[in-house]
Amino acid sequence: MNRMVFTADGDGDRVDVFLNERIPGFSRSYLQKLISSSCVAVNGKTVKSSYRLVSDDAVVIEIPDEVKPDIRPEPIPLDILYEDEDLLVVNKPKGMVVHPAAGHYSGTLVNAILYHCEGCLSGINGVLRPGIVHRIDRDTTGSLVVCKNDMAHHALAEQLKAHTIHRRYRAIVWGRIPEDERTVEAPIGRHPTDRKRMAVNYKNGKNAVTHYRVLQRFSSFTYIECCLETGRTHQIRVHMASLGHPLLGDAVYGPIKSPFRHLEGQCLHAMTLGFIHPRTGSYLECTAPLPEYFENLLDKL
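Residues numbered from 1 in each chain as written. Predicted model: local features only at pLDDT ≥ 70, side-chain atom pairs only at ≥ 80, totals over all residues. Heavy atoms only, no water.

## Topic: the pattern of salt bridges
For side chains of opposite charge, pairing can occur when their charged atoms come near one another. Under the counting rule described, the total for this entry stands at 15 salt bridges. We note a salt bridge from Lys148 to Glu83, for which the minimum N-O separation is 2.8 Å. Residue Lys148 is located in the loop between strand 7 (141-147) and helix 4 (150-161), and its partner Glu83 is located in strand 5 (residues 80-83); the two are separated by 65 residues in the primary sequence. The partly exposed category is assigned to Glu83, whose relative accessible area is 35%. Taking the shortest distance from any N to any O, the salt bridge between Arg168 and Glu225 comes out at 3.2 Å. Of this pair, Arg168 sits in strand 8 (residues 166-174) while Glu225 sits in strand 13 (residues 221-228), and the two are 57 residues apart along the sequence. By relative accessible area, which is 22% here, Arg168 ends up partly exposed. Taken together, the shared-partner salt bridges in this structure form one network comprising Arg135, Asp137, Arg237 and Asp250. (Salt bridge = Lys/Arg side-chain N within 4 Å of Asp/Glu carboxyl O. Helix = DSSP H or I, 4+ residues; strand = E, 2+ residues; numbered from the N terminus. Buried < 20%, exposed > 50% of the residue type's maximum accessible area, 1.4 Å probe, protein only.)

## Considerations on the pairing of strand 13
Buried residues dominate strand 13, accounting for 7 of its 8 residues. Relative to strand 13, strand 8 runs antiparallel, the two being bridged by 7 bridges. Bridge assignment links Tyr169 to a residue of strand 13, and that residue is Cys226. The sheet contact formed by strand 12 (residues 209-217) and strand 13 spans 7 bridges and is antiparallel. Residue pairing in the sheet places Arg217 in a bridge with Thr222 of strand 13. (Pairing = 2+ DSSP bridges.)

## Some details on unusual backbone geometry
Despite not being glycine, Asn43 shows a phi value in the positive range, around 55 degrees. Here Asn43 is to be found in the loop between strand 2 (40-42) and strand 3 (45-46). Of note, the phi angle at Asp56 is positive, near 75 degrees, even though the residue is not glycine. Residue position: Asp56 is located in the loop between strand 3 and strand 4 (58-63).

## Side note on the packing of aromatic side chains
In the structure shown here, the tally under the stated rule is 5 aromatic pairs. With a centroid separation of 4.9 Å and an interplanar angle of 50 degrees, the aromatic rings of Trp174 and Phe221 are classed as tilted. Of the two residues, Trp174 is situated in strand 8 and Phe221 in strand 13; the sequence distance between them amounts to 47 residues. For Trp174, a relative accessible area of 22% corresponds to the partly exposed category. Taking relative accessible area as the criterion, Phe221 reaches 6% and is therefore assigned buried. Taken together, the aromatic side chains of Trp174, Phe221 and Phe260 make up a single cluster linked through ring pairs. (Phe/Tyr/Trp six-rings, centres within 6.5 Å; stacked < 30°, edge-to-face > 60°.)

## Points about the environment of Asp250
One can find Asp250 in the loop between helix 5 (235-242) and strand 14 (268-276). Owing to a relative accessible area of 1%, Asp250 belongs among the buried residues under this scheme. When near neighbours in sequence (up to four residues on either side) are disregarded, Asp250 contacts Arg237, Pro255, Gly265 and Gln266. Separated by 3.3 Å, the side chain of Asp250 and the backbone nitrogen of Tyr253 make a polar contact. (Contact = heavy atoms within 4.5 Å. Polar contact = N/O pair within 3.5 Å; in protein donor to acceptor, adjacent residues only side chain to side chain.)

## What to know about the pairing of strand 7
Of all 7 residues in strand 7, 7 are buried, a share of seventy percent or more. For strand 6 (residues 87-92) and strand 7, the ladder comprises 6 bridges, and the chain directions are antiparallel. Of the residues in strand 7, the one forming a bridge with Leu87 is Cys147. Relative to strand 14, strand 7 is paired through 2 bridges, and the arrangement is parallel. Paired with Thr141 across the strands is His269, a residue of strand 14.

## Focus: helix 2 (residues 28-36)
Every buried residue of helix 2 is listed here: Leu31, Leu34 and Ile35. Within helix 2, the buried residues cover an arc of 100 degrees as seen down the axis, which keeps them to one side. Across from the buried face of helix 2, at angles greater than 90 degrees, the exposed residues are Lys33 and Ser36. Elements in contact with the buried residues of helix 2: helix 1 (15-22), strand 2 and strand 4. Downstream of helix 2 by one or two residues, Ser38 has phi in the positive range, about 65 degrees. (Arc of directions from axis to C-beta.)

In structure tokens form, the structure reads like this:
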């Protein structure tokens, strides 16, 4: 148990916001859970997250020791697009979670690559995300790079930070988009009332830029290609929904009911991934073919 003590230096701050600003590495939602679990006291008394501090309030928080789950290698088949001594690029299937999290400690991409790489993965992101530089949603398919060592991880992380990794997606959205191409530049952050969702948020969001072009129009849907300039959580899903064209199958940002039965999650495929190879310095590009469900939908449309 890690015990930390703070003194409020002003009036009016919510206790969860106060702690979030002073304790790096912990999300506000996690701190709120600690508060509701009576792990936070103000002047010796437990409080709610909404409690407003006044000057000289003594805030004590007790952070439980982290219990790391045992993440085991599992012989899960991988569709490998490219592999060498430093990295591999996989074609992630629909329904597979990228890294372990609450409720998903097996059957993830991490479980599969631990087995495939025999544990030889970069350790920068810890035991839950070995080798993982970036991620795609559970129901998004397509190209994802995994690093086998810290050198490759550092190099690709820098490219991600500089927005120089080339990421091209395919998607099917609701409605007929009139313009042939467009750039969407709108900041993305947490939804103001639903913390499980993201939203265009001009007050607290981070810069997000998506370029898209129309590939084909149908009676009620449009087939598009999206290029990411930034990589925010749910970026394509949020940007297209903000334009009134949510992704087909996306029950979070679009209609709950879909005209196509057995469609699990959004129609979004990370088709092409291109970057400078960390060892050779040459440009490497991998393309994942459209999955069968996506091809079948296009045929129906």
